[in-house]
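Given next are the chains, with one letter for each unit.
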Amino acid sequence: MRLVSTGLESHWYPLAWSRELGRRPLGVSLLGRRLVLFRGQEGRVAALEDFCPHRGVSLSLGTVRAGNIACAYHGWRFASDGACVHVPSATASTPPARCRVPSFAAVEQEGMVWVRLSEQGDAAPPRWACWGERGYAFTELVTEVECPLTWVVQNFVDCAHTGILHGGLFRGEPSRDIEAHVEQRPEGVHVETQGETTPESLVARLLSRGQGAIRHTDTYRAPHTVEVNYWWGEQHLVTTSVCTPLTERRTRIYTRLGVRFGLLNRVVLAAMRPLTARILAQDVRILEDQARQLERYPDRPLASTPADLPCLWVHDVHRQFSGERSPQPVERRRRVAYRL
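1. Things to note about the overall build of the protein chain
Okay, step 1: A tally of regular secondary structure across the protein chain gives 5 helices and 18 strands.
Okay, step 2: For 340 residues, the compact-globule estimate of 2.2 N^0.38 gives 20 Å, and the protein chain sits close to it at 23 Å.
Okay, step 3: Looking at the 340 residues of the protein chain, the share that counts as buried comes to 50%.
Okay, step 4: Surface accessibility of the protein chain: about 16,600 Å² in total, with carbon and sulfur atoms responsible for 50%.
Okay, step 5: For the protein chain, the distance from the average position of its 42 positive side-chain charges to the average position of its 36 negative side-chain charges is 6 Å.

2. Side note on the pattern of salt bridges
Okay, step 1: Taken as a whole and assessed by the stated rule, the structure comprises 20 salt bridges.
Okay, step 2: As a salt-bridge pair, Asp316 and Arg332 come within 3.2 Å of each other at their nearest N and O atoms. Pair noted here: Asp316 is in helix 5 (residues 309–322) and Arg332 is in strand 18 (residues 332–339), with a separation of 16 residues, a long-range link.
Okay, step 3: Classification of Arg332 as partly exposed rests on a relative accessible area of 27%.
Okay, step 4: Three or more residues joined by partner-sharing salt bridges are found here, namely Glu144, Glu146, Arg250 and Arg252.

3. Focus on the sheet that holds strand 8 (residues 84–86)
Okay, step 1: Taken in spatial order, the 4 strands line up as 5-6-7-8 in an open sheet, and their pairing is antiparallel. With partners counted over all chains shown, the strands left at the sheet margins are strand 5 (63–65) and strand 8, one partner each.
Okay, step 2: Taken together, the 3 bridges between strand 5 and strand 6 (residues 68–70) define a ladder with antiparallel strand orientation. Residue pairing for strand 6: Thr63 is matched across the bridge by Ala70.

4. So, the nonpolar core
Okay, step 1: Core analysis: the biggest nonpolar cluster contains 48 residues, and Val152, Val182, Val189, Tyr220 and Tyr338 have the highest contact counts within it.
Okay, step 2: Apart from residues lying up to four places away in sequence, Val189 is in contact with Val182, Glu183, Gln184, Asp218, Thr219, Tyr220, Trp313, Val314 and Val317.
Okay, step 3: Core analysis: the second largest hydrophobic core is formed by 16 residues, Leu21, Leu35, Val45 and Val115 among them.

5. Quick word on the packing of helix 1 (residues 149–157) against helix 4 (residues 265–296)
Okay, step 1: It is at 11 Å that the axes of helix 1 and helix 4 come closest, and there the two elements cross at 135 degrees. As the angle between them shows, helix 1 and helix 4 are arranged oblique. Handedness of the helix 1/helix 4 crossing: right-handed. Packed against helix 1, whose contacting residues are Trp151, Val152, Asn155 and Phe156, the element helix 4 presents Leu280, Asp283, Leu287, Gln290 and Leu294 at the interface.
Okay, step 2: Among the residues forming the contact of helix 1 with helix 4, the class breakdown is 6 nonpolar, 2 polar and 1 charged.

Parameters and conventions
- Residues numbered from 1 in each chain as written.
- Predicted model: local features only at pLDDT ≥ 70, side-chain atom pairs only at ≥ 80, totals over all residues.
- Heavy atoms only, no water.
- Helix = DSSP H or I, 4+ residues; strand = E, 2+ residues; numbered from the N terminus.
- Rg over C-alpha atoms; globule rule 2.2 N^0.38 Å.
- Buried < 20%, exposed > 50% of the residue type's maximum accessible area, 1.4 Å probe, protein only.
- Areas by Shrake-Rupley, 256 points an atom, 1.4 Å probe, with all protein chains shown as cover.
- Lys, Arg positive; Asp, Glu negative; His and termini not counted.
- Charge placed at Lys NZ, Arg CZ, Asp CG, Glu CD.
- Salt bridge = Lys/Arg side-chain N within 4 Å of Asp/Glu carboxyl O.
- Pairing = 2+ DSSP bridges.
- Core = buried A, V, L, I, M, F, W, Y, C linked by side-chain atoms within 4.5 Å.
- Contact = heavy atoms within 4.5 Å.
- Axes fitted to C-alpha atoms, helices over the stretch in contact; angles between N-to-C directions.
- Parallel < 35°, antiparallel > 145°, perpendicular 65-115°, else oblique.
- Left-handed = near helix turned anticlockwise from the far one by under 90°.
- Nonpolar A, V, L, I, M, F, W, Y, C, P; charged D, E, K, R; others polar.

If you want it as structure tokens, here you go:
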């Protein structure tokens, strides 16, 4: 099933880490459409519709031969542009069938395979925050959740839930009055939280090491990226999550967690990876329940407080980028106070 909205098709989405795409093709989903990824001529990535026009078999069941993908059923081969280049059962005097598999723009960048469904759209995929910069070390996670993209990206800028859902692990019970500077930009939403001090939690004890002053920002870049930054002086933790809508209801989250803690980089990463995985697992449980509930009660109004402003603005921007509402370039700023 393809998504009804076509506004999302003009953007690049991550579909695999580069290391996942080896000699065999890889079947994936994007916006409800089944695709096959493979390495074509000179190892360049290619993306085709996962459908052989001969008898309808999934091309992802096949093999890669001389830079072309061969169907597992009758061996028909297709080049990176989708053109049929070989039919094993054809005689020497019979040219390959004049058929073509739909192809899509695919690039490999910073260790990731990106695909764009529309012929027109963003010129290049987004960059990962701090990737390749001196002094940083990274680890990676992949999470899938049965929840629409719009609710997933809102969750990542929603600080008000962290001390409740992740209490003791990441933040504790809300106890400090803080102020958030929320800014809506043409490309997304940026939030800087002021007045935040080191909370009582496992993550805080690991990272703060007695330093109370925190600089914290959350940035949503439509339609699918959220970057979360924490600084303790020169020490820096950055978590970037790019969310790929596999279908209308299922989202895959590619997360890169980066740290700059000097000689402690490896130690911090070794501890933060399982903690981040636990936090994401808690988010998944709640997001999947939220998705089910909103399907059961589609007409129920949802209440909000000032702490929800980042989520509300992210929701507005996402609707514009997905084509659910007419694009209206809006730039606005607001300060909101709440307890964190």
